[in-house]
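Here's the letter readout for the chains.
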Amino acid sequence: MFFTTDFPDYALPDQINRPVVVMGLSMVVDGWEFPRHSHRKAQLLFSASGVVTVETDSGVWVVPPQCAVWIPGGLFHKARSSGEARGFGLFVAPDVVDGLPETCCSVSVSPLLQSLLEKAAGFDPCYDEDGAEGRLITVLLDELVAAPLEQLHLPIPADSRLRKLTDILLDDPASHATLEEWAHRIGMSERSLSRLFSHETGMSVGRWRRQLHVITGVQLLTQGRSIQSVAFDLGYESAGAFVTMFRKAVGTPPGRFLAERRSSWNLFRGAAIH
């Protein structure tokens, strides 16, 4: 089954009388956007190529190639892409299997899990739950439960003043304004800003800003930008400074982070061709 960006039917996964539904996502344009919506079934939105960004009222998740974002059922969200995105949507009814995340999170997708998604996307909507197709779905869910999480989440505060600050940073991630300057712009004391921001997001303002740079950097690098140009766009004095920040935040430098995902995708695509 394929779900295109021309006229997407957001209710379709809930209308299909199967607890687990996999749809291929055919992104027919470069740079699509799904407006705010929800569905009863939880969703795994996987990007095989291109970058997908998912936003909820409480956060932003980036989905680079070979990653996915898990969206619990009933949660309103919107999504957009950059680059020539294609992938899969996995929809899971409540209480089908234990161990699935209860909140939004970004997930690393193994070549095996991607292969299972590819296979299941070709099933008839009313596939045989007691036959081979049902057994493959069981394996798919086991792989999903075991999938490691990625640190590509940007929490959004609920306080309107703090939300104004995060909107400023999202619009201008290269800003070099100090905490004192930000506090003045949103009408708070520096101390109150630091305390409330940490309470609502679980991060300091500085850490939140670095996480924003990781997410923005992944998006730009996936579009083919050089590390040096991305570093300058984000306000770093050198490519090395940006790489150091990225490695400390993610655990690996940006070049290796993306190369590992491209390698997994190329291996999977080659296996599919043969």
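Predicted, not measured: the structure shown is a model, and the values here were computed from it.

Observations regarding the confidence of the model for the protein
Here is step 1: Predicted confidence across the protein gives a mean pLDDT of 85, with 88% of residues reaching 70 or more.
Here is step 2: The weakest mean pLDDT in the protein belongs to strand β1 (residues 2-4) at 46; the strongest belongs to helix α3 (residues 132-146) at 96.
Here is step 3: Here residues 2-7 is a poorly scored stretch, pLDDT under 50, and it has 20 contacts once near neighbours within four places are set aside; other chains count.
Here is step 4: In the model, residues 265-274 has pLDDT below 50 throughout and makes 8 contacts with residues more than four positions away in sequence or in other chains.

Regarding the nonpolar core
Here is step 1: Ranked by size, the top nonpolar core spans 34 residues in total, and within it L165, W182, L193, F197, W208, F242 and F246 carry the most contacts.
Here is step 2: If you list the elements that add at least two residues to this core, you get β5 (59-63), α4 (160-171), α5 (179-186), α6 (190-201), α7 (205-222), α8 (227-233), α9 (239-250) and α10 (254-273).
Here is step 3: Per element, the largest residue contribution to this core is 8 residues, and it comes from α7.
Here is step 4: Two domains each put at least three residues into this core: domain 1 (11-150) and domain 2 (155-260).
Here is step 5: In this view, L165 contacts W182, I186, L193 and F197; residues no more than four positions away in its chain are not counted.

What about unusual backbone geometry?
Here is step 1: With a phi close to 65°, D95 is a non-glycine residue in the positive phi region.
Here is step 2: For D95, the position within the fold is in the loop between β7 (77-92) and β8 (105-108).
Here is step 3: Residue D95 is classed as exposed on the basis of its relative accessible area, which comes to 81%.

Here's the deal with a positive patch on the surface
Here is step 1: A surface patch of positive charge is lined by R207, R210, R247, K248 and R256.
Here is step 2: At the level of elements, α7 and α9 are the ones that each hand at least two residues to the positive patch.
Here is step 3: Its place among the elements puts R247 in helix α9.

Side note on the pattern of salt bridges
Here is step 1: Taken as a whole, this structure holds 5 salt bridges when the rule is applied.
Here is step 2: Ionic pairing is found between R36 and D57, a salt bridge with its closest N-O pair at 3.1 Å. Separated by 21 residues along the polypeptide, R36 in strand β3 (residues 33-37) and D57 in the loop between β4 (42-56) and β5 bring together distant segments of the chain. An identical accessibility class is assigned to R36 and D57; each is exposed.

What about the packing of α7 against α9?
Here is step 1: α9 packs onto α7 with a crossing angle of 110° between their chain directions and a minimal axis gap of 10 Å. Taken together, the axes of α7 and α9 lie roughly perpendicular to each other. Of the residues in α9, those touching α7 at R210, H213, V214, G217, V218 and L221 are F242, M245, F246, A249 and V250.

About the thresholds
- Residues numbered from 1 in each chain as written.
- Predicted model: local features only at pLDDT ≥ 70, side-chain atom pairs only at ≥ 80, totals over all residues.
- Heavy atoms only, no water.
- pLDDT = per-residue confidence, 0-100.
- Helix = DSSP H or I, 4+ residues; strand = E, 2+ residues; numbered from the N terminus.
- Contact = heavy atoms within 4.5 Å.
- Core = buried A, V, L, I, M, F, W, Y, C linked by side-chain atoms within 4.5 Å.
- Buried < 20%, exposed > 50% of the residue type's maximum accessible area, 1.4 Å probe, protein only.
- Domains from an automatic or database assignment.
- Patch = residues over 30% accessible without salt bridge, like charges linked within 9 Å, V, L, I, M, F, W, Y side chains within 5 Å.
- Areas by Shrake-Rupley, 256 points an atom, 1.4 Å probe, with all protein chains shown as cover.
- Salt bridge = Lys/Arg side-chain N within 4 Å of Asp/Glu carboxyl O.
- Lys, Arg positive; Asp, Glu negative; His and termini not counted.
- Charge placed at Lys NZ, Arg CZ, Asp CG, Glu CD.
- Axes fitted to C-alpha atoms, helices over the stretch in contact; angles between N-to-C directions.
- Parallel < 35°, antiparallel > 145°, perpendicular 65-115°, else oblique.

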